[in-house]
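Tertiary structure, described
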Amino acid sequence: MITVNGIHVTFGRGTPLEKHALRGVDLTIPEGQFVTVIGSNGAGKSTFLGALAGDVIAEEGSIAIDGVDVTRWATPKRAALVARVFQDPMVGSCTALTIEENMALAAARGRRRGLGFALRGDRRRHFRERIAELGLGLENRLHDRMGLLSGGQRQAVSLLMATLAGSKILLLDEHTAALDPGTAEFVLGLTRRIVEENRLTTLMVTHSMRQALDYGDRTVMLHEGRIVLDVSGEQRAGLDVPHLLALFAKQRGGEDITDDSLLIG
Amino acid sequence: MSEIAFFGAVEIGLVYALVALGVYLSFRVLDFPDLTVDGSFPLGAAVCATLLVAGVNPWIASLSAALAGSMAGLVTATLNVRFKILHLLASILTMIALFSVNLRVMGRPNVALLMQDTVLTPFYGLGLPDHVVRPLVVLVVVVAVVLLLSRFLNSEFGLAMRATGVNARMARAQGVQTDFHIYAGMALSNGLCALAGALFAQTNGFADVTTGIGTIVVGLAAVIVGETVLPARAMLWALVGCVVGSILYRLAVQLALSADAIGLQASDLNLVTAVLVAVALILPRMRLKAASKKREAVR
Ligand SMILES: Nc1ncnc2c1ncn2[C@@H]1O[C@H](COP(=O)(O)OP(=O)(O)OP(=O)(O)O)[C@@H](O)[C@H]1O
Ligand SMILES: [Mg+2]
């Protein structure tokens, strides 16, 4: 469960490049809901996910995860509640460390890290079993450096890493954008499976209207730092890509969307 | 090269192996280019020599020296992490400040250790010649440090420290308190360099404020030589590489100095080392360029 109340984020405050990236975002996401997030470039999608993860601290408003106010928590502290997969496969993993070292790192997310061995026999076995589930044959490459994997393999492993330690929410920022269509399809299927198996409260940013409607239970559109569309249930089921594209275009054209125009039949 | 010169080179190589391990921690593990070393090495020598003169137990004196070095590392880390001063500049500030601190610690530019007991004293007179005893004792210390450090870097805490250096953003997203790991790593790194300084003072019988000049370059040279002769990915072997690199580097220097034909003097050492490190830094880049040119040619 995520409760976001009127958060504002401004970059470069007081400079000529000041950018008011989030202008009062309100959003309540119940436990286990899978929300897709769309919006044009610069709409504030990544900033919003960053604000949930703690990379940027909201200067106004509040954020609560499962009833705990995390508004002032820095990223490492929030990591106990938040798992993420980044758009760039390079950002989300340590390329110079081995696959199993990356997994060990992720498995300790939200725990105190002591002086015990990071890779004990039982953990290695556990990692091998988990990575075998991906069906990519990576169980025999645990000692390979992460940097040797292809982008798609790395995103798949990143997704798996997100589930090695318990978390309340999963944040996916265009995590298939750097992949070819076939691999993107595979990683998305994996995403759906992992989200369902772990019943994670999920936010997934995407630029594909098709994906936004096909995956998850709810879709929100951000525009200029505000949520301008929020559909779920029947209303969303009745929506198809052209509808969404039209709404999208309308936003880009600068026209205001009033509440009435959201009632698409 | 005479037998004494050979053992002398191994001995100094082993002492500087601790510097190389420290430099490996800062430059390679944390990706933190740290020049504090030039100050923390003589700091270790100064603290140890002063305590020995005051009659303190040599092992306690050596550990105190390491502790003092850790403090120096913490100062650099604080300037960088807390006050956002660029790491190179932060470390230069600490290094310069340490020059004054070291003079204060010793009360004069150098201290001679003549009659004082050192960690080596109990091992002289066991039948082995002194010039063999010294490298042996240092070797035991170095082996212990390598084993402990390897164990540490393979722990959950150590893995988080390595991740901090490789990809801080990812590390934070995995709940790693990256700032804390930078503090810990810098303290450890400079503690090792100061311990090297303490052993240097005890094996050579003096501490001098000027011994620190160029320490960082020598440490880097050892790391680079080690990576070249022992390109290992496993933590333990990478650390062993630092030690081997440091010894090989000293042996090469000794060879060059003893070959009269080259006409090198001991005072040319810093120049030679700097050139060596510069070449070692340039070569991989040239190789990369050559490779990318080839790739373009194929296209
Ligand atoms: N660190 C930063 N410093 C300054 N400005 C920033 C920073 N991060 C984002 N911005 C600005 O904030 C606005 C929102 O950016 P954000 O990255 O959230 O957009 P987005 O919706 O994710 O876009 P995209 O689809 O291109 O990824 C943009 O105008 C961007 O230039
Ligand atoms: Mg973005």
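Residues numbered from 1 in each chain as written. Chains lettered and ligands numbered in written order. Predicted model: local features only at pLDDT ≥ 70, side-chain atom pairs only at ≥ 80, totals over all residues. Heavy atoms only, no water.

Here we look at the environment of B:Gly8
Examined against the element boundaries, B:Gly8 turns out to sit in helix α1 (residues 3-29). Here B:Gly8 falls in the partly exposed class, since its relative accessible area comes to 29%. (Helix = DSSP H or I, 4+ residues; strand = E, 2+ residues; numbered from the N terminus. Buried < 20%, exposed > 50% of the residue type's maximum accessible area, 1.4 Å probe, protein only.)

As for helix α9 (residues 215-229) of chain B
Because an α-helix packs 3.6 residues into every turn, residues spaced three or four apart end up facing the same way. Residues and elements named next belong to chain B. With 15 residues, α9 extends 21 Å from end C-alpha to end C-alpha; this agrees with the ideal 21 Å at 1.5 Å per step. Among the 15 residues of α9, eleven are classified as buried, and the element is accordingly described as predominantly covered. For α9, the full list of buried residues reads Thr-215, Ile-216, Val-218, Gly-219, Leu-220, Ala-221, Ala-222, Val-223, Ile-224, Val-225 and Gly-226. (Expected span 1.5 Å × (residues − 1).)

A short note on the side chain of B:Thr36
Residue and element names in this part refer to chain B. Within the secondary structure, Thr-36 is located in the loop between α1 and α2 (37-53). Side chain to side chain, Thr-36 and Asp-34 meet in a polar contact 2.3 Å long. Setting aside anything within four residues of it in sequence, one finds Thr-36 in contact with Ala-72, Thr-76, Ser-91, Thr-94, Met-95, Leu-98 and Asn-190. (Polar contact = N/O pair within 3.5 Å; in protein donor to acceptor, adjacent residues only side chain to side chain. Contact = heavy atoms within 4.5 Å.)

Some remarks on the site of ligand 1
Residue and element names in this part refer to chain A. Around ligand 1, the surrounding shell holds 13 residues, and the nearest of these are Asn-41, Lys-45, Ser-46, Thr-47 and His-207. Backbone polar atom of Gly-42 to an oxygen atom of ligand 1: 2.8 Å apart, as the coordinates give it. Considering ligand 1 on its own, with 630 Å² of exposed area, one finds that the protein chains cover 61% of that surface. Contributions of two or more residues to the shell around ligand 1 are made by β2 (19-29) and α1 (45-53). Among the elements that make up the shell around ligand 1, the one with the highest residue count is α1 (three residues). Classifying every residue of the shell around ligand 1 by side-chain character gives three nonpolar, seven polar and three charged. (Near = heavy atom within 4 Å. Areas by Shrake-Rupley, 256 points an atom, 1.4 Å probe, with all protein chains shown as cover. Nonpolar A, V, L, I, M, F, W, Y, C, P; charged D, E, K, R; others polar.)

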